[in-house]
Amino acid sequence: MATAAIEIENLTKDYPFGFLNLKKKMSLEGLSMSVEEGEVFGFLGPNGAGKTTTIKLLVGLIFPTAGTARVLGKSISDISMHADIGYLPEQPYFYDYLTAAELLDYFARFHNLPAQVRKTRVDLMLKKVGLETARKIQLRKYSKGMLQRVGLAQAIVHDPKVVILDEPMSGLDPVGRREVRDIILELKQAGKTVLFSTHILSDAEMLCDRVGVIVGGKLRGVGAPDEIVGMKAQGMEVLFEYAGAAAGLQPLLSKATQTGKRYHLQVPESALYATLQELGGAGARILSVTQVKSTLEEYFMHLVEADRAQAPAVEVSGK
Amino acid sequence: MRRAGIVALNTFREAVRDRVLYNLVFFALAMIAASILVGQVSIGIEEMVIVSLGLSAISVIGLLMAVFIGVGLVSKEMDKRTLYAILAKPVRRWEFLLGKFGGLLLTLTVNTVAMAAGLFLALRLVKQSGDPLEGPVLIAVYFILLKLALVVALALLFSCFTTPLLSILYTAGLYIAGLFVTDMRNFQSQTMSRALQTLLRGLSYLLPNFENFDVMASAAHGRAIPGVLIAQNTAYAALYCAVLLSAAAAILTRRNLK
């Protein structure tokens, strides 16, 4: 049985605001989930959903109002936990007077790596993120995409067991996104645990063993991408040609989308056999029958819309 | 402590890369030029004038650097979010603070030592009498460094919880107030209530006492500076800095980096 690399229990974070800080804005509400060792876990959610809050709580940048979390069995308040994690902040910015090689060496020093190992690791990381030729250029001259790559390199320069990436694809062009995807897959092959937040759902579908969807500070669903979208009712799409005008078929035709002689009709899986019989009996020519698989995006949007409908529940008043 | 050292060296590197130390060349040239000029216009008191001029310049340049760099030590890291990646490493927040303090202090020490070297060079150029001025001047320079350490600690404390502009105001305000603690302690007025007098007296002990670090007049006249004062000032600056840094660490350790 796989062991959990990240365990989160009832993690809650609220921020006081308003006159005398008497009101509270709930940023994260009772989050409980786990990420297993060696797993690539995608943390999905719209802007302001609580993804970055969760990640900041895990890496110790902010402190929970309630709840606990452990990384590789160590509490997030334990400083030694930080030796095993790598973290890429959202829209990273680093000391612009340093070169990429200097910055990576600086960060590697905090992990007690000997000079020779540091040099090897820095060279390897620069090659991995495609910045070998820019290694001696000060970061002030780097583009946003290049900074994102440096950020990724610094997160893994010390070969951590758990890598936490906050929006790693942000600001990258398609080539850069592809390279980051490859790095995440390499990390998975090397047995690392990767938790990354994103709102680019295709990346999550492509990379993740499991995803968690967070909306309005609450976790709304966790599972494998295939599994999670399977929660939503699926159906079958029937493509047929029909030129007649049988009165008995009118109820079906009124539900279908017509393009010339062709009709697209979506029916529940349980009603497929009866529908095909009805169409065949009326002389329609069945061209294809395909399963309608809801996408992660549809599932995601369904959750977001459901949350918006009950938005006031997210914000609670103080005294 | 090793991690604080890594942060300190990087803070020093930042100052070097940002060309903060360029003022040294300017200062050295200005001191040599001033010594030549002073040698021509002041008869008999050239050394005194150069020591006063030099120590004042070292103090003012040091104070400007301590305040303006000091107030950004933490707030700039938070604003630019450079702190996020560091605190995700196995670095405690107090280690980071200590490193930033040490880094700026190292920068100020290099700055002060280099400027003092310029001052001694200028003294050599105009030296008339055989009176040894170097000893008192050296101690005066050391006291300036202690004073700068206190100012950096103050700026760093404010940098942990307020904006750079307010930090400048608070640090400068406390520095100026700290120059008048003796007056505050001895201030008596018939119109002043007893409670207010007690309050002022209490404040005068709480505020950082910058008066004790000013031995410029003694240095300029070549008067010996007692060893007790050196020990007292060293202990006072160390203790006060420790208190300020502990307060800064307590604030930063509890702060959410949103």
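Residues numbered from 1 in each chain as written. Chains lettered and ligands numbered in written order. Predicted model: local features only at pLDDT ≥ 70, side-chain atom pairs only at ≥ 80, totals over all residues.

Caption draft 1: Local environment of the overall build of chain B. Looking only at helices and strands, one finds 12 helices and 0 strands in chain B. Helices and strands in chain B line up, N terminus first, as α-α-α-α-α-α-α-α-α-α-α-α. Its C-alpha atoms give chain B a radius of gyration of 20 Å, near enough to 18 Å, the size a compact globule of 258 residues would have. Reported as C-alpha extents along the three principal axes, the dimensions of chain B are approximately 60 × 55 × 30 Å. By residue count, 40% of the 258 residues in chain B fall in the buried class. Long-range pairs, those at least 24 residues apart, make up 86% of the contacts in chain B between residues at least 6 apart in sequence. (Helix = DSSP H or I, 4+ residues; strand = E, 2+ residues; numbered from the N terminus. Rg over C-alpha atoms; globule rule 2.2 N^0.38 Å. Buried ≥ 20, exposed ≤ 12 C-beta atoms within 10 Å, placed from the backbone. Contact = placed C-beta atoms within 7 Å.)

Caption draft 2: Structural context of the nonpolar core. Grouped together as the largest cluster of nonpolar side chains are 146 residues, with contacts concentrated most on Val-152 and Leu-156 of chain B. With 19 residues, helix α7 (residues 134-159) of chain B is the single largest residue contributor to this core. Once residues lying within four places of it in the same chain are set aside, the contact partners of Val-152 of chain B are Ala-66, Gly-70, Phe-101, Leu-104 and Leu-105 of chain B. Of all hydrophobic cores here, the second largest spans 10 residues; its members include Val-238, Phe-240, Ala-256 and Tyr-263 of chain A. (Core = buried A, V, L, I, M, F, W, Y, C linked by C-beta atoms within 7 Å.)

Caption draft 3: Highlighting the sheet that holds strand β7 (residues 162-166) of chain A. All names here are of chain A. Taken in spatial order, the 6 strands make up an open sheet running β6-β7-β8-β3-β9-β10, and their pairing is mixed. Looking at strand neighbours, the two that pair on one side only are β6 (85-88) and β10 (218-223), the edges of this open sheet. Averaged over all adjacent pairs, the angle separating strand axes in this sheet is 15 degrees, with direction ignored. In this sheet, β10 lies alongside strand β9 (residues 210-215) in antiparallel orientation, the contact comprising 5 bridges. Following the sheet pairing, Val-215 is matched in β10 by Lys-218. Contacting β6 and β7, helix α4 (residues 144-156) crosses the sheet at an angle of about 170 degrees to β6. (Pairing = 2+ DSSP bridges. Axes fitted to C-alpha atoms, helices over the stretch in contact; angles between N-to-C directions.)

Caption draft 4: Just unusual backbone geometry, in detail. You will see that Gln-91 of chain A, though not glycine, has its phi angle at about 45 degrees, which is positive. Positionally, Gln-91 of chain A belongs in the loop between β6 and α2 (100-109). Residue class for Gln-91 of chain A comes out partly exposed when judged on the 13 C-beta atoms lying within 10 Å of it. Positioned with a positive phi, Arg-81 of chain B is a non-glycine residue whose angle comes to about 65 degrees. In this fold, Arg-81 of chain B is placed in the loop between α4 (75-79) and α5 (82-87).

Caption draft 5: Spotlight on the confidence of the model for chain A. Looking at chain A, pLDDT values average 86 and 93% of them are 70 or higher. Segment residues 312-319 of chain A: pLDDT under 50, and 12 contacts once partners within four positions in sequence are set aside and those in other chains are kept. (pLDDT = per-residue confidence, 0-100.)

Caption draft 6: Structural context of the sheet that holds strand β13 (residues 262-268) of chain A. Residues and elements named next belong to chain A. What the 4 strands build is an open sheet, ordered β12-β13-β11-β14; its pairing is antiparallel. A single partner strand is all that each edge strand has here, and the edge strands are β12 (257-259) and β14 (285-292). If you compare each strand with its neighbour and ignore which way they point, the axes differ by 20 degrees on average. Strand direction decides the pairing type here: β12 and β13, joined by 3 bridges, are antiparallel.

Caption draft 7: Quick look at the domain arrangement of chain A. Along its sequence, chain A is carved into domain 1 (4-230) and domain 2 (235-292). Between domain 1 of chain A and domain 2 of chain A, the C-alpha centre-to-centre distance is 48 Å. (Domains from an automatic or database assignment.)

Caption draft 8: Geometry of the confidence of the model for chain B. Residue and element names in this part refer to chain B. Taken as a whole, chain B shows an average pLDDT of 87; of its residues, 93% reach a score of 70 or greater. The secondary structure element of chain B with the lowest average pLDDT is helix α2 (residues 22-41), at 73, and the one with the highest is helix α12 (residues 227-254), at 95. What the predictor reports for the complex is a pTM of 0.83 with an ipTM of 0.84.

Caption draft 9: Summary view of the interface of chain B and chain A. Contact with chain B, which involves 20 residues of that partner, is made by 23 residues of chain A. When contributions to the side of chain B that touches chain A are tallied by element, the ones reaching two or more residues are α1 (2-17) and α5 of chain B. By residue number, the principal contributor to the side of chain B that touches chain A is α1 of chain B, which donates 5 residues.

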